[in-house]
There are 2 protein chains.
Amino acid sequence: MTDQSDALGRGPTIYDVARAAGVAASTVSRAFSRPGRVRSETAERIRRVAAELGYHAHPIARAAPTGRTSMVALVISDITNPFSNQIIHGAHVAAVEAGYSLLLADAQESGLREREVLERVMPTVDGVVLATSRMPDAAIRTIAKQRPLIVLNRTIADVPCIVTDNPRGMRRAVEHLAALGHQRISYAAGPEASWADGIRWRSLRAAATELGLHVRRIGPGEPTISGGAVAATELLRHPTSAVIAYNDLVAIGLMQALTARGVAVPRDVSVVGFDNVYAAELVTPALTTVAAPLHAMGLTAVRNLLAVVRGAKPHALEPVMLPSRLVVRASTSHLRRNRTSPAWATRRVSGSSAKSSSLTVSGSR
Amino acid sequence: MTDQSDALGRGPTIYDVARAAGVAASTVSRAFSRPGRVRSETAERIRRVAAELGYHAHPIARAAPTGRTSMVALVISDITNPFSNQIIHGAHVAAVEAGYSLLLADAQESGLREREVLERVMPTVDGVVLATSRMPDAAIRTIAKQRPLIVLNRTIADVPCIVTDNPRGMRRAVEHLAALGHQRISYAAGPEASWADGIRWRSLRAAATELGLHVRRIGPGEPTISGGAVAATELLRHPTSAVIAYNDLVAIGLMQALTARGVAVPRDVSVVGFDNVYAAELVTPALTTVAAPLHAMGLTAVRNLLAVVRGAKPHALEPVMLPSRLVVRASTSHLRRNRTSPAWATRRVSGSSAKSSSLTVSGSR
DNA sequence: TTGAAAGCGCTAACAG
DNA sequence: CTGTTAGCGCTTTCAA
């Protein structure tokens with residue numbers, strides 16, 4: 001290859017600096033290398049010269065021999081979800097603060113897409129964050145063998161994870177509802193492949209059992225507003241006075257659909273969401289929700305990832321647990337007295353509670 | 001360098017394939033090269049062998065000699081803004097459909113950050129999309145000289161741009177308000193460095209002049225909910241019966257602050273936003289807004305960018321203009337009869353309209 | 001069409 | 001601490 005068009009752009013190269021400073025190229029390289037950043041006089045001069053010339057080591061040329069690209073990938077199950085915004089933001093902040101760039105990839109709620117996109121992206125990054133992954137555990141473990149990996153919002157043995165305290169958050173929500181006098185709670189589930197959905201449902205059951213409440217599961221459904229609308233229809237068939245939704249979007253969709261059919265929130269039904277998305281406090285009624293520290297999650301995910309990249313042992317056993325808290329707003333209120341079953345539950349006899357078989361949770365991921 | 005640890009990961013290389021197929025490395029390379037994808041029998045065999053071995057050309061190794069990375073950068077003024085979501089999504093779709101990856105960078109509403117982040121990112125991408133850039137024209141032109149560039153939501157001579165039809169959208173909004181009987185409109189401005197803010201304000205003035213309405217400018221302010229709250233205070237000092245906000249967030253903040261002070265929307269004030277963000281239809285009252293085709297913008301931005309990357313002439317002169325439309329919802333209503341000035345405007349005499357000097361627009365970017 | 005060889009810009013042994 | 005020398009894995013001339 002005699003004449004290499006203009007391969008990597010036309011900035012000054014390490015050789016230009018070397019010539020201008022009267023040293024060997026490797027010396028220049030060293031003057032910029034990792035630890036200590038050589039303090040000799042020559043090194044100083046080289047750096048001055050480099051600065052004058054406007055020299056910057058080309059990231060790709062650097063990546064070729066080292067394999068390090070100073071990029072991390074953030075793979076997210078659904079960019080569209082407002083949930084993603086803050087995670088992305090947090091991740092970006094952490095990346096930039098460490099001199100890294102962020103490669104963003106959307107899995108479109110599909111484990112397959114996720115695989116594909118990862119295949120494309122993996123060789124070009126130093127590590128990857130899998131946010132709310134829809135892939136099976138095995139696939140994730142495979143990834144972990146190839147690149148430093150952090151999993152967000154899910155736990156997998158031997159893979160460093162970051163999760164929020166779903167059990168505690170759910171517990172708070174249930175206690176809140178119980179304190180308001182609610183006895184029967186429906187859970188509007190999310191996607192089947194969602195780990196969060198699994199643990200939320202299990203936590204709900206656990207909390208309900210302890211507090212002596214009845215629970216019922218609706219779904220699975222899409223983690224969106226329209227998913228919430230679907231859940232509403234189902235709820236109307238087996239009414240309860242309170243609903244906890246897989247996430248805020250579902251909760252909002254639920255409230256809208258309920259309201260549209262003349263069922264008032266919170267008068268007739270109390271609704272609780274998860275995540276504390278931006279819109280949660282904008283809707284009417286403002287949504288009571290279990291807030292996840294979304295921004296912090298993205299932030300610590302990338303920070304921890306970079307720690308691993310730099311050689312830290314992924315103390316894989318204990319997943320990092322970030323706190324979640326209940327934000328009480330207007331979508332929950334006291335159960336109306338003098339009635340066991342909700343006032344609007346006319347189309348269904350309320351005699352016995354939902355058949356207990358509905359308590360069975362099919363898969364738990 | 002005798003032993004290069006495991007430089008670019010440990011997949012099979014082109015040499016492995018070459019050996020397995022009994023040909024030279026260059027032949028393998030050719031079997032995968034761009035046009036025609038050589039149809040010889042050898043080439044076929046090579047591809048079979050490669051598939052069996054699970055060979056994939058390493059993107060970085062490929063980038064070294066060619067300079068092409070199959071990545072594009074999307075630089076966004078503020079990831080946090082829900083506005084960004086759909087743009088990012090559209091951009092991602094277009095990138096993936098072309099086999100590209102998306103490097104996401106947040107400028108945090110600062111021209112400086114934008115520069116910095118661009119410096120980091122430029123050498124590693126084949127092109128960049130600047131969404132709602134806060135940099136001065138000159139800086140952008142400099143970028144354009146180094147990499148294929150598309151600018152979103154802004155026009156710059158000799159740089160390919162994509163914008164929405166702000167004038168038309170604003171015109172529709174004003175007509176709508178006029179039809180409802182409003183005579184005086186306030187504009188709650190956005191950031192000074194925003195090109196969109198400039199054109200929106202100018203379009204508003206133009207439309208108002210034609211329709212014989214009075215307009216007044218509040219701001220500049222932050223393009224956020226709290227920015228809207230600030231604008232509300234100012235509005236209360238010089239009340240008008242209608243407000244058009246720089247964007248939906250400002251509009252929402254405005255509505256909230258107004259409501260909090262007992263000024264009802266739309267009864268006392270009609271409010272119009274821009275963008276048609278997700279939350280616009282979630283708030284109460286649902287927001288009347290000038291909808292921008294956010295997703296389409298991100299999509300066509302990246303598509304056009306890739307066309308340029310592939311060698312298409314950037315027909316830079318005519319900016320691509322995407323349509324915008326008025327979405328009428330609940331935040332606008334008829335001016336209440338029998339009063340020239342809004343009912344709640346007690347603290348201010350309404351005799352003469354705002355002093356005309358307030359009509360002056362300082363800078364228009 | 002094919003193979004040989006040079007080189008993208010940088011890093012990492014290895015002697016001196 | 002510095003210079004020398006091999007490459008990272010791929011592409012692209014050039015001659016056969």
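Residues numbered from 1 in each chain as written. Chains lettered and ligands numbered in written order. Predicted model: local features only at pLDDT ≥ 70, side-chain atom pairs only at ≥ 80, totals over all residues. Heavy atoms only, no water.

Per an unreviewed UniProt entry, chain A goes by the name LacI family transcriptional regulator and belongs to Phytohabitans rumicis.

Turning our eyes to something else, we now look at the packing of aromatic side chains. Residue and element names in this part refer to chain B. Per the stated rule, a full pass over the model turns up 4 aromatic pairs over all chains. On the numbers, 5.8 Å between centres and 25° between planes, the contact of Tyr 187 with Trp 201 is stacked. With Tyr 187 in strand β6 (residues 184-188) and Trp 201 in helix α9 (residues 195-211), this pair connects stretches of sequence that are 14 residues apart. Of the two residues, Tyr 187 and Trp 201, neither departs from the other in class, the shared state being buried. (Phe/Tyr/Trp six-rings, centres within 6.5 Å; stacked < 30°, edge-to-face > 60°. Helix = DSSP H or I, 4+ residues; strand = E, 2+ residues; numbered from the N terminus. Buried < 20%, exposed > 50% of the residue type's maximum accessible area, 1.4 Å probe, protein only.)

A few words now on the relation of the copies chain B and chain A. For the match of chain B to chain A, the screw axis carries a shift of 0.0 Å, the RMSD comes to 0.1 Å, and the turn is 180°. One copy is carried onto the other by what is essentially a two-fold rotation axis. Interface residue correspondence from chain B to chain A reaches 98%, placing this contact among same-surface, isologous pairings. (Least-squares fit on C-alpha atoms with pLDDT ≥ 70 in both. Contact = heavy atoms within 4.5 Å.)

How large an interface is tends to be reported as the accessible area lost when its parts come together. Residues and elements named next belong to chain A. Split by domain assignment, chain A resolves into domain 1 (2-66), domain 2 (71-164 + 295-322) and domain 3 (166-292 + 325-360). The straight-line distance from the C-alpha centre of domain 2 to that of domain 3 is 30 Å. Tallying the contact residues gives 13 residues for domain 2 and 16 residues for domain 3. At the boundary of domain 2 with domain 3, total buried surface from both sides reaches about 1,100 Å², with 56% on carbon and sulfur atoms. On the domain 2 side of the contact with domain 3, Phe 83, Arg 134 and Thr 164 bury the most area, a combined 39% of that side's loss. For the interface between domain 2 and domain 3, the tally reads 0 salt bridges. Our enumeration of links across domain 2 and domain 3 arrives at 1 residue pair in polar contact (both at pLDDT 80 or more). Listing elements by their share of the side of domain 2 that touches domain 3, those giving two or more residues are α5 (82-97) and β5 (161-164). Of the residues forming the side of domain 2 that touches domain 3, the biggest block, 3 residues, is contributed by α5. (Domains from an automatic or database assignment. Buried area = accessible area lost by both parts, 1.4 Å probe. Salt bridge = Lys/Arg side-chain N within 4 Å of Asp/Glu carboxyl O. Polar contact = N/O pair within 3.5 Å; in protein donor to acceptor, adjacent residues only side chain to side chain.)

This part is about helix α12 (residues 294-309) of chain A. All names here are of chain A. Taking 1.5 Å of rise per residue, the 16 residues of α12 would be expected to cover 22 Å, and the 23 Å separating its terminal C-alpha atoms lies within 8% of that figure. Where α12 is concerned, the buried positions are Leu 294, Met 297, Gly 298, Leu 299, Ala 301, Val 302, Leu 305, Leu 306 and Val 308. Backbone geometry just downstream of α12 places Gly 311 in the positive-phi region, at approximately 110°. (Expected span 1.5 Å × (residues − 1).)

Moving on, we come to the sheet that holds strand β9 (residues 270-275) of chain A. Residue and element names in this part refer to chain A. Sheet architecture is open: 6 strands sit in the order β7-β6-β8-β9-β10-β12, paired in mixed fashion. The sheet is open, and its two borders are formed by β7 (214-218) and β12 (325-327), each paired with just one other strand. When strand polarity is set aside, the average angle formed by the axes of neighbouring strands in this sheet is 20°. Lying over the sheet, helix α10 (residues 225-237) contacts β6 (184-188), β7 and β8 (242-245), oriented at roughly 135° with respect to β7. (Pairing = 2+ DSSP bridges. Axes fitted to C-alpha atoms, helices over the stretch in contact; angles between N-to-C directions.)

All right, on to the interface of chain B and chain A then. On the chain A side, the residues contacting the 50 residues of chain B number 49 residues. Overall, the association of chain B and chain A removes approximately 3,900 Å² of surface from exposure, summing both partners, and the carbon and sulfur fraction of that is 59%. Between chain B and chain A we count 0 salt bridges in total. Across the contact surface, chain B and chain A share 12 residue pairs in polar contact (both at pLDDT 80 or more). Those elements giving two or more residues to the side of chain B that touches chain A turn out to be α4 (59-66), α5 (82-97), β2 (101-106), α6 (111-121), α7 (137-146) and α11 (248-260) of chain B. Grouping the amino acids of the side of chain B that touches chain A by side-chain chemistry returns 26 nonpolar, 18 polar and 6 charged. Looking at chain direction, strand β2 (residues 101-106) of chain A and β2 of chain B are connected through 3 bridges and run antiparallel. In the sheet register, Leu 103 of chain A faces β2 of chain B, and the bridge partner there is Leu 103 of chain B. (Nonpolar A, V, L, I, M, F, W, Y, C, P; charged D, E, K, R; others polar.)

Now for unusual backbone geometry. All names here are of chain A. Put simply, Thr 284 and Pro 285 share a cis peptide bond, and its omega is -5°. In this fold, Pro 285 is placed in the loop between β9 and β10 (288-291). Even without being glycine, Asn 153 reaches a positive phi, approximately 70°. Position of Asn 153 relative to the elements: it lies in the loop between β4 (149-152) and β5. For Asn 153, a relative accessible area of 5% gives the class buried.

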